[in-house]
Amino acid sequence: MSRSLVRIAHEIVERNRGVDDLAIVGIRERGVPLARRISAELERIAGKGVPTGALDITLYRDDLMRQAVGPQPLVRSTDILFDIDNRVIVLVDDVLYTGRTIRAALDALIDFGRPRAIQLVVLVDRGHRELPIKADYVGKNVPTSRRESIQVRLQEVDGHDEVVIQPDEQ
Amino acid sequence: MTKSSSSPTSSEPVVVADAPPATRLKHRHLLGIADLTPEEIVLILDTAEAMQEIAHRPIKKVPTLRGRTVVNLFFEPSTRTRTSFEVAEKRLSADTLNVAIATSSVVKGETLVDTALNLEAMSPDMIVLRHASSGACHLLSRVCRSKIINAGDGMHEHPTQALLDAFTIRRHKGRLGGLKVAILGDLLHSRVLRSNVLLLTRLGAEVWVCGPPTLVPPGIERLGVKVTSVVEDAVRDADVIMMLRIQLERMQGAFFPSLREYFNVFGMTEARVRLARPDAIIMHPGPMNRGVEIASEVADGPFSVILEQVANGVAVRMAVLYLLAGGAEDEAAA
């Protein structure tokens, strides 16, 4: 996992010719620690810090009230303490699946201003898109069945790093 | 009974012993604090923490309740509560409908239920109701399809006020459990008092209530509060001083000799505030009667968080609207 993140950080620097005007935004929950790790790596490579923030997309979801049972998604705080106008925003999430989370994140980001561009980092792309969305930087492509579930666990949230593919038990 | 989070600005869930954190509300209406568990109260306060940030964005709006209609049905005058609900609804992108009593058919003799059923024929999703009769919200919850939010019913409850008060206290003190909260003023006519006592005792605060004996509701000590008519006893070493308005419009008889005498005996003055803890906060649900229950120097002084309460009210009401719109456990079961 850490090798993928280092490679992605190098690709970000290469594609953007440095880190000027760049900002990293992680999508809660697990995009946030990933964004911090990439940000630290960028600082090591480029020798200067990159503004890093956290985005909660709960209020932008398209499935409120469609799931009558189970826990309602908890609204967490969004912390974007910098101006996103005219910056290139690198959005970070753990798994890219249907693309609906990213759709919500794009809507949320655009409410904060007008970035020059938005690029997308995902640790795992598992396919099965339902929207025309594509990642710019991918840690690993993992072909899956829709019946499987894929979980990224991170040191900061879960105590250790791993990616687990589970067959569906239903 | 409860243990609370340590940092005043953190949105970390408060840990309540022996109960898992709530993930959704149990009931589809918000009729009173009496129906809420401590875990549900903490869920609302934590959700409000996240909502608070939206007020600082360039675009103060999220699309969460797009396409939902909320009716604000106010049978009593209100500035803060009505505008606060309206702002909260608009920040969540709901369509809002304000029914002001002076221009409605109620002046032609229509009953509450008929008014509500007629509004309901236009299929709103929620009705925010303020009414002079205790229990009006419970009545509507039985005849309406919409979700009912109590914005104050008579002398019964005003749940969103108590929630925003708790939110304000938690932001300043980092917790509710173990705090000494003194509530002073017109206890008899106050729905704010009832909701606050139910909420604060549920989360483990030590609540003192104080007012002239004529304005103390009989049996209030059964709610687990300490009762006194001596302001100094209530205020001494308090972490929070909450003033209640003298509700002249609800007073038919003579509860005290004069407003001036009331201020002398029960008014919150700087000298009395000094008896409280040095970091105490002064609260008032508004509207204030300056020089009756509270001196202007105190209302505008450094310990006053009265305007903060108003700002926090929007975030708390957004949290309530969001959580009710997301569906309650009793709907999933139905």
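One can find the structure itself at the top, above this paragraph.
Residues numbered from 1 in each chain as written. Chains lettered and ligands numbered in written order. Predicted model: local features only at pLDDT ≥ 70, side-chain atom pairs only at ≥ 80, totals over all residues. Heavy atoms only, no water.

*Asks:* Can you walk me through the pairing of strand S3 (residues 88–96) of chain A in this structure?
*Replies:* Consecutive side chains along a regular strand alternate between the two faces of the sheet. Residues and elements named next belong to chain A. The buried fraction of S3 is high, at 9 of 9 residues. Two elements, strand S1 (residues 22–27) and S3, share 5 bridges in a ladder whose sense is parallel. When the bridges of S3 are listed, Gly26 appears paired with Val92. Of the pairings in the sheet, the one linking S3 to strand S4 (residues 117–125) comprises 8 bridges and is parallel in character. (Buried < 20%, exposed > 50% of the residue type's maximum accessible area, 1.4 Å probe, protein only. Helix = DSSP H or I, 4+ residues; strand = E, 2+ residues; numbered from the N terminus. Pairing = 2+ DSSP bridges.)

*Asks:* Hey, could you run me through the sheet that holds S1(A) in this one?
*Replies:* Adjacent strands of a sheet pair through backbone hydrogen bonds, lying either parallel or antiparallel. Residues and elements named next belong to chain A. Taking strand neighbours across the sheet as the criterion, the 5 strands line up as S2-S1-S3-S4-S5 in an open arrangement whose pairing is parallel. Taken across any chain shown, the strands that pair with only one partner, and hence form the sheet edges, are strand S2 (52–55) and strand S5 (137–141). Each neighbouring strand pair of the sheet contributes to a mean axis angle of 25 degrees, computed without reference to strand direction. Contacts between helix H1 (residues 2–16) and the sheet are confined to S1, S3, S4 and S5, with S5 contributing the most and set at about 150 degrees to the helix. (Axes fitted to C-alpha atoms, helices over the stretch in contact; angles between N-to-C directions. Contact = heavy atoms within 4.5 Å.)

*Asks:* For this particular structure, what's the right way to read unusual backbone geometry?
*Replies:* Most peptide bonds take the trans form, and the phi angle of most residues other than glycine is negative. The omega torsion across A:Arg28 and A:Glu29 is 10 degrees, close enough to zero to call that bond cis. The residue A:Glu29 is located in the loop between S1 and helix H2 (31–46) in this model. The omega torsion across B:Gly286 and B:Pro287 is -10 degrees, close enough to zero to call that bond cis. Within the secondary structure, B:Pro287 sits in the loop between strand S9 (281–283) and helix H10 (296–299). Here A:Asn86, not a glycine, exhibits a phi torsion of approximately 65 degrees, which is positive. Relative to the elements of secondary structure, A:Asn86 occurs in the loop between S2 and S3. A residue is classified by how much of its surface remains accessible, and A:Asn86, at 51% relative accessible area, is exposed. The backbone of B:Ser93 sits at a positive phi, close to 70 degrees, despite the residue not being glycine. Residue position: B:Ser93 is located in the loop between helix H2 (80–91) and strand S2 (95–100).

*Asks:* For this particular structure, what's the right way to read the nonpolar core?
*Replies:* Buried together is how nonpolar side chains tend to be arranged in soluble globular proteins. Of all hydrophobic cores here, the largest spans 91 residues; its most connected members are A:Leu55, B:Met51, B:Leu163 and B:Ile183. Of the residues forming this core, the biggest block, 11 residues, is contributed by helix H11 (residues 306–325) of chain B. Apart from residues no more than four positions distant in its own chain, A:Leu55 is found in contact with A:Val25, A:Gly26, A:Ile27, A:Arg28, A:Thr78, A:Ile80, A:Leu91, A:Ala105, A:Ala108, A:Leu109 and A:Phe112. Grouped together as the second largest cluster of nonpolar side chains are 28 residues, B:Cys210, B:Ala234, B:Met243 and B:Ile282 included. (Core = buried A, V, L, I, M, F, W, Y, C linked by side-chain atoms within 4.5 Å.)

*Asks:* Even after reading the chapter, I still don't get the environment of B:Ile246, so can you show me in this structure?
*Replies:* Tracing the backbone through its elements, the reader meets B:Ile246 in the loop between strand S8 (240–243) and helix H8 (259–266). In this view, B:Ile246 contacts B:Asp186, B:Leu215, B:Met251, B:Phe256, B:Leu259, B:Tyr262, B:Asn289, B:Val292 and B:Glu293; residues no more than four positions away in its chain are not counted.

*Asks:* Could you clarify how one ought to interpret the pattern of salt bridges in this entry?
*Replies:* Opposite charge on two side chains permits pairing when their charged atoms draw close. Counting across every chain of the model gives 28 salt bridges over all chains. The closest approach of N and O atoms between A:Glu11 and A:Arg7, which form a salt bridge, is 2.9 Å. Of this pair, A:Glu11 and A:Arg7 both sit in helix H1, 4 residues apart, which is roughly one turn of the helix. Taking relative accessible area as the criterion, A:Arg7 reaches 34% and is therefore assigned partly exposed. Each of B:Asp46, B:Glu49, B:Arg170 and B:Arg171 takes part in a single network of salt bridges with overlapping partners. (Salt bridge = Lys/Arg side-chain N within 4 Å of Asp/Glu carboxyl O.)

*Asks:* Looking at this structure, I do not really get the packing of aromatic side chains. What am I missing?
*Replies:* What characterises a pair of aromatic rings is the spacing of the ring centres plus the angle enclosed by the ring planes. Overall, the coordinates contain 2 aromatic pairs over all chains when judged by the stated rule. Put simply, the rings of B:Phe256, B:Tyr262 and B:Phe266 pair up and form one aromatic cluster. Directly above the ring of A:Tyr97 sits A:Arg126, whose terminal nitrogen or CZ lies 3.9 Å from the centroid. The ring of B:Phe85 carries B:Arg317 above its face, with NZ or CZ at 5.0 Å from the centroid. (Phe/Tyr/Trp six-rings, centres within 6.5 Å; stacked < 30°, edge-to-face > 60°. Lys NZ or Arg CZ within 6 Å of the ring centre and 35° of its normal.)

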